[in-house]
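# Residue-level structural notes
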Amino acid sequence: MTLKDRHGAFISLTDTPGELAVKDNICVQGFMCTASSKLLENYEPPYTATAVQKLQKQGLTVMGKTSCDEFACGSTGTHTSLANPRNPLDEKRVPGGSSSGSAIAVKDGLVRYAIGSDTGGSVRCPATFCQIVGYRPSYGQISRYGLMDMCMSFDTIGTLTRNVDDAIYLITGMSGKDDKDLTTMNSVDVKETPGLAGKRLVAFRQILESCDPGIREKFNEATEKAKLHVDVIDFPEIHKSIPTYYMIVFAEFASAMQRFDGKFFGKNRELLGQEVKRRILLGTFISQKENKDKWYTQAINARKWFQQKFEAMFAKYDFVINPTMPSPAPLVGEITDPITEYSMDLGTIFPSLMMGPSISLPYQGMGIQLTGKRFSDSALLYSARDLEGAL
Amino acid sequence: MDIPELCRIKLTDEEQERLEAEMKQILDWAGEIGVPEAKPTAFEAIVPRGDRARKSAYDIRFPKTKDGKIVI
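Summary of the structure given here. (Residues numbered from 1 in each chain as written. Chains lettered and ligands numbered in written order. Predicted model: local features only at pLDDT ≥ 70, side-chain atom pairs only at ≥ 80, totals over all residues. Heavy atoms only, no water.)

## A few points about the layout of surface pockets
Rolled over the atoms, a probe with the dimensions of a water molecule shows which regions are left empty. By volume, the largest pocket amounts to about 370 Å³. Together, 27 residues line the largest pocket, and A:His79, A:Gln274, A:Glu275, A:Arg278 and A:Glu341 are the ones closest to its centre. Elements represented by at least two residues in the lining of the largest pocket include exactly helix 8 (274-287) and helix 11 (338-343) of chain A together with helix 2 (13-30) of chain B. Its residues placed into classes, the lining of the largest pocket shows seven nonpolar, 11 polar and nine charged. (1 Å grid on protein atoms, 1.4 Å probe; cavity = no way out; pocket = protein on both sides within 12 Å on 5 of 7 lines; lining within 4 Å. Points joined across faces, edges and corners; volume = space filled by probe spheres on them. Helix = DSSP H or I, 4+ residues; strand = E, 2+ residues; numbered from the N terminus. Nonpolar A, V, L, I, M, F, W, Y, C, P; charged D, E, K, R; others polar.)

Here it is in structure tokens:
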């Protein structure tokens, strides 16, 4: 088995050894950038993403581009015809998505560091299923220049590593203002801060109840083991976060895909996979004048409502804690309908709506997720390092 | 123009039938999102929705000094 074929981690590889794997929707000069889509099979970008440039300046070498769900659309990691990603822990199971290849490459020890994109859980979900650390930074912490848009108001570049220290190393290297991405901020340097001691934690009853009993049991065991005091509160509206998120994603994704207008790329849209087609069609439908108010406008209001709700909650608590995914990794082919797949994201979507940082730590086959308010990245990373040590 | 044509996506009959059924299912599932109305932001509270673009464009073209005089 060649390195490229190993659990379907890579779309393209160099011959020279390197420490960094990059998801195939992030541009790196000298590598194809296909977003795991046949539509872009021959696309070689003429520039490198700012985040990758910063890591290269830090001395890291890009070893290859990793497979993902096509255009980052999916939670299983298997929505692509360019690779065959499988979970390194159990090849009958999915690796999780959309940053599947990046998680596999780190878990298999092919690279020490990997980066991916996280829109609604695309780093934290595969990190959980492959049992590594996945970090989604605050929106605006890391430049998205050179990342192919999936949903530009949620997209972030995140990390997949074996431990929190490696995540801190990557996030420190990539953070900061970039004139090419106006959403990035100046004062976001990651600095060592006091850790988990004295931090106030909260969990949402409705997310805990949506998990498999085995996952809930392990979550309780982990919080006891780490001696955490967690307030469990009711948040019945949290279930509405899924359609809120997806309606915005569909609309923005359909808009982003218009650039593939057939002039250079996008002539054969029949080559697109089912999930991508579905999102383009749905996004176009709900963006039409006559349909907009029923879904899209409501979702925009709901996002604002969620943000206000979380802002009030973070006056009382430092972090939200919950199981990252509600169940173990599904078997390949087990999930056949989109709503079941979207519903898996309940635990990972709310950090995206509130634009905050979120980290998933591996614990006995499941993921423990900590989420903080926007730009609390330093506090969250150093608290997660403490929690990692306690688990 | 129908949606697939608008998106320049050609579908087989079988594909169209399946995608239409799935899309209907997803839109029904999303249904009425139904969370309360969010509070207006400070900007939205000052400038009514319909006036927002006009006001900001006007303010850029005709900036005012502190005493309210328009600078030409």
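Having seen the model, we can carry on.
## Description of the state of the cysteines
Residue and element names in this part refer to chain A. In the structure shown here, the tally under the stated rule is zero disulfides over all chains. Looking at cysteine 33, it has no disulfide partner, and the nearest cysteine sulfur is the one in cysteine 27, 4.1 Å off. Since its relative accessible area comes to 0%, cysteine 33 is described here as buried. Unpaired in terms of disulfides, cysteine 211 finds its nearest cysteine sulfur in cysteine 125, a separation of 13 Å. (Disulfide = S-S within 2.5 Å. Buried < 20%, exposed > 50% of the residue type's maximum accessible area, 1.4 Å probe, protein only.)

## Description of the packing of helix 8 of chain A against helix 2 of chain B
At a closest axis distance of 10 Å, the pairing of helix 8 of chain A and helix 2 of chain B adopts a crossing angle of 60 degrees. Judged on the interaxial angle alone, helix 2 of chain B and helix 8 of chain A are oblique. You can see that helix 8 of chain A and helix 2 of chain B cross each other, and the crossing is right-handed. Between helix 8 of chain A and helix 2 of chain B, the contacting residues are A:Gln274, A:Lys277, A:Arg278, A:Leu281, A:Leu282, A:Phe285 and A:Ile286 on the first element and B:Glu15, B:Arg18, B:Leu19, B:Glu22, B:Met23, B:Ile26 and B:Leu27 on the second. Counted by class, the contact of helix 8 of chain A with helix 2 of chain B contains eight nonpolar, one polar and five charged residues. (Axes fitted to C-alpha atoms, helices over the stretch in contact; angles between N-to-C directions. Parallel < 35°, antiparallel > 145°, perpendicular 65-115°, else oblique. Left-handed = near helix turned anticlockwise from the far one by under 90°. Contact = heavy atoms within 4.5 Å.)

## A word on the packing of helix 4 (residues 164-174) of chain A against helix 13 (residues 377-390) of chain A
Residue and element names in this part refer to chain A. The geometry of helix 4 relative to helix 13 is characterised by a closest axis approach of 9 Å and an angle of 165 degrees between their N-to-C directions. Taken together, helix 4 and helix 13 sit at an angle that is classed as roughly antiparallel. Seen from above, helix 4 lies across helix 13 with left-handed handedness. Side by side, helix 4 and helix 13 meet where Val164, Asp165, Ile168 and Ile171 of the first sit next to Leu381, Tyr382, Ala384, Arg385 and Glu388 of the second. Taken together, the residues of the contact of helix 4 with helix 13 sort by class into six nonpolar, no polar and three charged.

## Considerations on the packing of aromatic side chains
On inspection of all chains with the given rule, the structure shows 19 aromatic pairs over all chains. When the centroid spacing of 5.5 Å and the interplanar angle of 70 degrees are considered together, the rings of A:Phe204 and A:Phe350 count as edge-to-face. One end of the pair, A:Phe204, is in strand 7 (residues 201-204); the other, A:Phe350, is in helix 12 (residues 346-353), and 146 residues separate them in sequence. Take A:Phe204 and A:Phe350: they sit in the same class, and that class is buried. Between A:Tyr245 and A:Tyr246 the ring centres are 4.9 Å apart and the planes differ by 90 degrees, which places this aromatic pair in the edge-to-face class. The exposure class assigned to A:Tyr245 is buried, which follows from its relative accessible area of 3%. Pairwise contacts between aromatic rings join A:Phe154, A:Tyr245, A:Tyr246, A:Phe250, A:Tyr342 and B:Trp29 into one cluster. (Phe/Tyr/Trp six-rings, centres within 6.5 Å; stacked < 30°, edge-to-face > 60°.)

## A word on the sheet that holds strand 7 of chain A
Sheets are built from strands that pair by backbone hydrogen bonding, the pairs being arranged parallel or antiparallel. Residues and elements named next belong to chain A. The strand order 1-3-2-4-6-5-10-11-9-7-8 describes an open sheet built from 11 strands, whose pairing is mixed. In the strand order of this sheet, the two ends are held by strand 1 (10-13) and strand 8 (230-233), each with one partner. Averaged over all neighbouring strand pairs, the angle between strand axes comes to 25 degrees, with direction disregarded. Pairing of strand 5 (residues 133-136) with strand 6 (residues 156-161) involves three bridges; the strand directions are antiparallel. (Pairing = 2+ DSSP bridges.)

## Topic: the side chain of A:Thr128
All names here are of chain A. With respect to the helices, strands and loops of the structure, threonine 128 is situated in helix 3 (residues 124-129). For threonine 128, a relative accessible area of 2% corresponds to the buried category. Here threonine 128 is in contact with Thr324, Met325, Ser360, Gly365, Met366 and Gly367, once residues within four sequence places are set aside.

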